[in-house]
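# Summary of the model geometry
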Amino acid sequence: MNCLYGIYGASGCGRSLMPVAVEQLKRDNLYRQSQIVFIDDALEENKQVNGYTAMNYTQFKATEAKDKKVLIAIANSGIRKKIADKLAEDNITMWSVLADSTIIMDAVEIKEGAALSPFVTIGANVSIGKCFHANLYSYVEHDCVIGDYVTFAPRVNCNGNIHIHDYAYIGTGAVIKQGTSDKPLIIGKGAIVGMGAVVTKDVPAGAIVIGNPAKPLVK
Ligand code: UDP
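Let me sum up the structure you'll find in this document.

Cut-off values and rules
Residues numbered from 1 in each chain as written. Predicted model: local features only at pLDDT ≥ 70, side-chain atom pairs only at ≥ 80, totals over all residues. Heavy atoms only, no water. 1 Å grid on protein atoms, 1.4 Å probe; cavity = no way out; pocket = protein on both sides within 12 Å on 5 of 7 lines; lining within 4 Å. Points joined across faces, edges and corners; volume = space filled by probe spheres on them. Helix = DSSP H or I, 4+ residues; strand = E, 2+ residues; numbered from the N terminus. Nonpolar A, V, L, I, M, F, W, Y, C, P; charged D, E, K, R; others polar. Near = heavy atom within 4 Å. Polar contact = N/O pair within 3.5 Å; in protein donor to acceptor, adjacent residues only side chain to side chain. Areas by Shrake-Rupley, 256 points an atom, 1.4 Å probe, with all protein chains shown as cover. Core = buried A, V, L, I, M, F, W, Y, C linked by side-chain atoms within 4.5 Å. Buried < 20%, exposed > 50% of the residue type's maximum accessible area, 1.4 Å probe, protein only. Contact = heavy atoms within 4.5 Å. Pairing = 2+ DSSP bridges. Salt bridge = Lys/Arg side-chain N within 4 Å of Asp/Glu carboxyl O. Right-handed = clockwise from strand over helix to strand, strands pointing away. Phe/Tyr/Trp six-rings, centres within 6.5 Å; stacked < 30°, edge-to-face > 60°. Lys NZ or Arg CZ within 6 Å of the ring centre and 35° of its normal.

What follows concerns the layout of surface pockets. Roughly 230 Å³ of volume is contained in the largest pocket. As for the largest pocket, its lining consists of 18 residues, and the residues nearest its centre are Cys-13, Leu-17, Ser-117, His-133 and Asn-135. Broken down by secondary-structure element, the contributors of at least two residues to the lining of the largest pocket are α1 (12-27), β13 (133-134) and β16 (151-152). With five residues, α1 is the largest single contributor of residues to the lining of the largest pocket. In the lining of the largest pocket, the residues fall into twelve nonpolar, six polar and no charged.

Written out as structure tokens, the structure reads:
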């Protein structure tokens, strides 16, 4: 076997990304000479998940292969960071996966570990950090700057000239108003934008905003 590919996480996120990863291996003519498995630390012994072998990380490390690559398919950004650090320590390459239907326009930079689900579109001159997750039908329009470990639920509408800092989470169907090149709209580090929120102005680091227009969540 040339390469052993791992989808880290065998829950909702991982099971949705496995067929996207297989599609990519077939597109790149790598499927026949490689193997792809789930990695999940909740497993004590190998089992099957949706017809694929699933094993824990210790077993993955112990499996012989010329090369190993891993996509971290877990929505929680803190867990993604923890696993990314572990992979780096073990010299295992982070893998990026994108669907056949994903559209990437000109002059886009995307760092390692991205998961771009079916029907995601990335507009021109966008820069994206490590381990970005963009779920089904999300888009990132022109001139956006996305940090590390940012997570988009399905159908996020991220318009042009928006800067989203590390670890932010954007909920399903949220709409973020476009900024301008001299004044981008900023979503701060670790902020959470609730599902369906309409964000019209900057969101401070760590804030949770909901509603239309989006306002801080009062508990
Ligand atoms: N998980 C893991 N190692 C970790 C943390 C989580 O293998 O250090 C697995 C966990 O056992 C679970 C999956 O990752 O199966 C996360 O699933 P969850 O439903 O919480 O999230 P989602 O799939 O929606 O991202």
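The local shell around the ligand consists of Tyr-8, Gly-9, Ser-11, Gly-12, Cys-13, Asp-40, Asp-41, Ala-42, Ile-74, Ala-75, Ile-79 and Lys-82. Contact between the ligand and Ser-11: an oxygen atom at 2.7 Å from a side-chain N or O atom of the residue. In isolation the ligand offers 550 Å² of accessible surface; the protein chains occlude 66% of this area. Looking at the shell around the ligand, the elements that each hand over two or more residues are α1 and α3 (77-89). Partitioned by chemical class, the residues of the shell around the ligand number six nonpolar, three polar and three charged.

In this structure, Phe-132, Phe-152, Ile-164 and Ile-187 are the most contacted members of the largest nonpolar core, which totals 30 residues. Only β18 (162-164) and β21 (185-187) provide two or more residues apiece to this core. Every residue in contact with Ile-187, bar those within four places of it in the chain, is listed here: Ile-162, His-163, Ile-164, His-165, Ala-168, Ile-170, Ile-176, Val-193, Val-199 and Val-203. Counting residues in each nonpolar core, the second largest holds 21 residues, with Ile-7, Ala-54, Leu-71 and Ala-115 among its members.

All right, on to the sheet that holds strand β23 (residues 198-199) then. Pairing is parallel in the open sheet, where six strands are placed in the order β8-β11-β14-β17-β20-β23. Strands at the two margins of the open sheet, each flanked by one partner only, are β8 (103-104) and β23.

Bringing the pattern of salt bridges into the picture now. On inspection of all chains with the given rule, the structure shows four salt bridges. Among the salt bridges present, the one from Asp-41 reaches Lys-86, with a minimum N-O distance of 3.8 Å. Remark: Lys-86 occurs in helix α3 and Asp-41 occurs in the loop between β2 (34-39) and β3 (47-49); sequence separation between them is 45 residues. Judged by its relative accessible area of 45%, Asp-41 is partly exposed. In this structure Lys-86 comes out as partly exposed when scored by relative accessible area, which is 25%. For Lys-81, the salt bridge identified is with Asp-85, shortest N-O distance 3.0 Å. One end of the pair is Lys-81 and the other is Asp-85, both in helix α3 and four residues apart, which spans about a single turn. Accessibility expressed as a relative area gives 36% for Asp-85, which makes it partly exposed.

Successive side chains on a regular strand alternate, one facing one side of the sheet and the next facing the other. Pairing between strand β1 (residues 3-8) and strand β5 (residues 67-72): six bridges, direction parallel. The residue bridging Cys-3 from the neighbouring strand is Asp-67, located in β5. With two bridges joining them, β5 and strand β6 (residues 93-94) adopt parallel strand pairing. Counted as the bridge partner of Lys-69 is Thr-93 from β6.

Right, let's get into the pairing of β2. Here β2 lies mainly inside the structure; five of its six residues are buried. Looking at chain direction, β1 and β2 are connected through six bridges and run parallel. Considered in β2, the bridge of Tyr-8 is made with Ile-39. Handedness of the β-α-β unit built from β1, α1 and β2 comes out right-handed.

Summed over all chains, the structure comprises six aromatic pairs. Here Tyr-5 and Trp-95 contribute two aromatic rings whose centre-to-centre distance is 4.4 Å and whose plane-to-plane angle is 40°, an arrangement assigned as tilted. Here Tyr-5, found in strand β1, pairs with Trp-95, found in the loop between β6 and β7 (97-98); they are 90 residues apart in sequence, far enough to count as distant. According to the relative accessible area criterion, Trp-95 is buried, its value standing at 8%. Centre to centre, the rings of Phe-132 and Phe-152 are 5.0 Å apart; their planes meet at 80°, and the pair counts as edge-to-face. Of this pair, Phe-132 sits in the loop between β12 (127-128) and β13 while Phe-152 sits in strand β16; the two residues are 20 residues apart in sequence, bridging distant segments of the chain. In this structure, Phe-132 and Phe-152 share a single accessibility class: buried. One cation-aromatic arrangement involves Lys-26 over Tyr-31; the distance from NZ or CZ to the ring centre is 4.8 Å. The ring of Phe-60 carries the charged tip of Lys-68 above its face, separated from the ring centre by 5.5 Å.

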